[in-house]
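Residue-level structural notes
So you can see what is in the structure, the chains are spelled out below.
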Amino acid sequence: MVETRRKPTKRIFGLDLLRVISIVLVLCSHTSLIYPPSSSLLSKAVDLSGFFGVELFFVMSGFLIGGIIFKQFVGKDYGIKTMAVFLYRRLMRILPNYYLIVLINIAIWLWFGYSLTQTWKYFFFFQNFATPLLPFFPESWSLPIKEFGYLIAVILLYLCSLVFKRVSRKSIFIGVIVGMIIFFFSCKIYYNFHTHNTTMLQWDVSLRSVVIYRVDTVLLGVLFGFIASEYPIFWKRQQYKFAVVGFLLIGLLLFCLGYLRLTILDFPWFWNVLCLPMNALGLVCFLPFFSEWKMAPVQYAKPVIFFSEISYAIYLLHYSIVLFLMKHFIDTTAFTMMQLHLFTIAYLAITVFLSILMYTYFEKPMMKLREIKIFGHEAR
């Protein structure tokens, strides 16, 4: 189904709030790089915040895009044009900002004389497809996971619709998404038996940040997007039960990490196979509640919508550009705690300011370029 005109979508406050929570958690985690190392409970919570923030981005993005993919796939005129328009719109949403920041990072690295070996991979999202994350522009690792997930899904759906013409589109959708989840989950099992992790750093760059081991997290969100689209009454009635399950799963995960202190050296199966899927399943269970939180008083809705809209710019700018340059030019080693707090406030303020500029003068104009004709249809 190729839409010739897309009606403006009504914003859902709960989902905007989740975006804001996600980006705040990510920002929080990177402020820990400003302060001296600490083993306090607060410091550990700050370190974990980035983990939960990015994982929340995964399942929420999968949920939103999954609903779109399903509704298009079950349309009678679904075909190569529909798939191409979907991918065009998706890439035009992601790539302009992304390429701009990649080029700025390249300029910064050239300025400081750092090696730019293999940076070509970033232009094709190959920087962490099946190999450990590269040190250049490290926060970009999450984008290939999402985009390859959607790319593989829509291609497989199209091919399966050609092969299994007598099977209902709903059954094909479920089969493809569930099959992909099982496949990419199995990749983690393979990793567990063929890689000996000894440190959390190795786990972070070799498994958590690698596409072929993480696509199942995004697809879990896609599956929940299908459930919300196909079974809206069930989705709405069971939102609180889902939320309780989510709290229990996240609580169990924190119990394993905080109380039982399961280390990666002694419990590799937990870290390599169970940890990430358990976390994703817990987070995705909050989506029914937040997606049904349609509205809020205007004094709360406006700031939430504002930060939701600039969240992508914040994600791209905050670390490799803003924090990196501030730490490079300002020596904070002799700072008092008050000076470090002021440095943090300046870091957050500069990040938000630059994100507003990027969103207003680059992201929004580039989004308008999606309103052009493609394949004889308006890609609106």
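Throughout what follows, the structure given in this document is the object of discussion. For clarity, every value in this text was computed on a predicted model and none was experimentally measured. (Residues numbered from 1 in each chain as written. Predicted model: local features only at pLDDT ≥ 70, side-chain atom pairs only at ≥ 80, totals over all residues. Heavy atoms only, no water.)

1. Considerations on the overall build of the protein chain
Helix and strand content of the protein chain: 14 helices and two strands. Relative to its length of 380 residues, the protein chain is compact, with a C-alpha radius of gyration of 21 Å against a globular reference of 21 Å. Each principal axis of the C-alpha distribution contributes one length, and for the protein chain these read about 70 × 50 × 50 Å. Expressed as a percentage of its 380 residues, the buried residues of the protein chain come to 49%. Taking the contacts inside the protein chain whose residues are at least 6 apart along the sequence as the reference set, 80% of them involve residues at least 24 apart. Surface exposure of the protein chain reaches about 19,000 Å², of which carbon and sulfur atoms provide 72%. (Helix = DSSP H or I, 4+ residues; strand = E, 2+ residues; numbered from the N terminus. Rg over C-alpha atoms; globule rule 2.2 N^0.38 Å. Buried < 20%, exposed > 50% of the residue type's maximum accessible area, 1.4 Å probe, protein only. Contact = heavy atoms within 4.5 Å. Areas by Shrake-Rupley, 256 points an atom, 1.4 Å probe, with all protein chains shown as cover.)

2. Describing a nonpolar patch on the surface
A surface patch of nonpolar side chains, amounting to about 640 Å² of accessible area, comprises Leu-151, Ile-155, Leu-156, Leu-159, Leu-162, Val-163, Phe-164 and Val-167. Relative to the elements of secondary structure, Leu-151 occurs in helix 4 (residues 142–163). (Patch = residues over 30% accessible without salt bridge, like charges linked within 9 Å, V, L, I, M, F, W, Y side chains within 5 Å. Salt bridge = Lys/Arg side-chain N within 4 Å of Asp/Glu carboxyl O.)

3. Let's talk about the packing of helix 9 (residues 239–259) against helix 10 (residues 268–284)
Running from N to C, helix 9 and helix 10 cross one another at 150°; their axes reach a closest spacing of 7 Å. When the interaxial angle is binned, helix 9 and helix 10 end up roughly antiparallel. As helix 9 packs across helix 10, the resulting crossing turns out to be left-handed. Side by side, helix 9 and helix 10 meet where Gly-246, Leu-249, Ile-250, Leu-252, Leu-253, Cys-256 and Leu-257 of the first sit next to Phe-270, Trp-271, Cys-275, Met-278, Asn-279, Leu-281, Gly-282 and Leu-283 of the second. Its residues assigned to classes, the contact of helix 9 with helix 10 shows 12 nonpolar, three polar and no charged. (Axes fitted to C-alpha atoms, helices over the stretch in contact; angles between N-to-C directions. Parallel < 35°, antiparallel > 145°, perpendicular 65-115°, else oblique. Left-handed = near helix turned anticlockwise from the far one by under 90°. Nonpolar A, V, L, I, M, F, W, Y, C, P; charged D, E, K, R; others polar.)

4. A word on unusual backbone geometry
A positive phi is found at Phe-125, a non-glycine position, where the angle reads about 60°. Inspection of the secondary structure assignment puts Phe-125 in the loop between helix 3 (80–112) and helix 4. With relative accessibility at 7%, the residue Phe-125 sits in the buried group. Residues other than glycine seldom take positive phi values, yet Arg-261 does so here, at roughly 50°. Turning to its location among the elements, Arg-261 is positioned in the loop between helix 9 and helix 10. The exposure class of Arg-261 is exposed, given its relative accessible area of 55%.

5. Quick look at the nonpolar core
If you look at the biggest cluster of nonpolar residues, it comprises 115 residues, and the most contacted ones within it are Tyr-98, Phe-173 and Phe-270. Setting aside residues no more than four positions away along its own chain, Phe-270 makes contact with Leu-253, Cys-256, Leu-257, Leu-262, Cys-275 and Met-278. (Core = buried A, V, L, I, M, F, W, Y, C linked by side-chain atoms within 4.5 Å.)

6. Here's the deal with the pattern of salt bridges
With the rule as written, the count across this model stands at 10 salt bridges. The residue Glu-55 makes a salt bridge to Arg-214 at a minimum N-O spacing of 2.5 Å. In this pair, Glu-55 sits in helix 2 (residues 41–73) while Arg-214 sits in helix 7 (residues 211–230), placing the two residues 159 residues apart along the sequence. Across the pair, exposure class does not vary: Glu-55 and Arg-214 are buried alike. Put simply, Glu-230 and Lys-170 hold a salt bridge, and the shortest N to O gap is 3.6 Å. A residue pair is termed long-range when its members are at least 10 positions apart, and Glu-230 in helix 7 and Lys-170 in helix 5 (residues 169–194) qualify at 60 residues. Salt bridges sharing common partners tie together Arg-11, Asp-16, Arg-19 and Glu-309.

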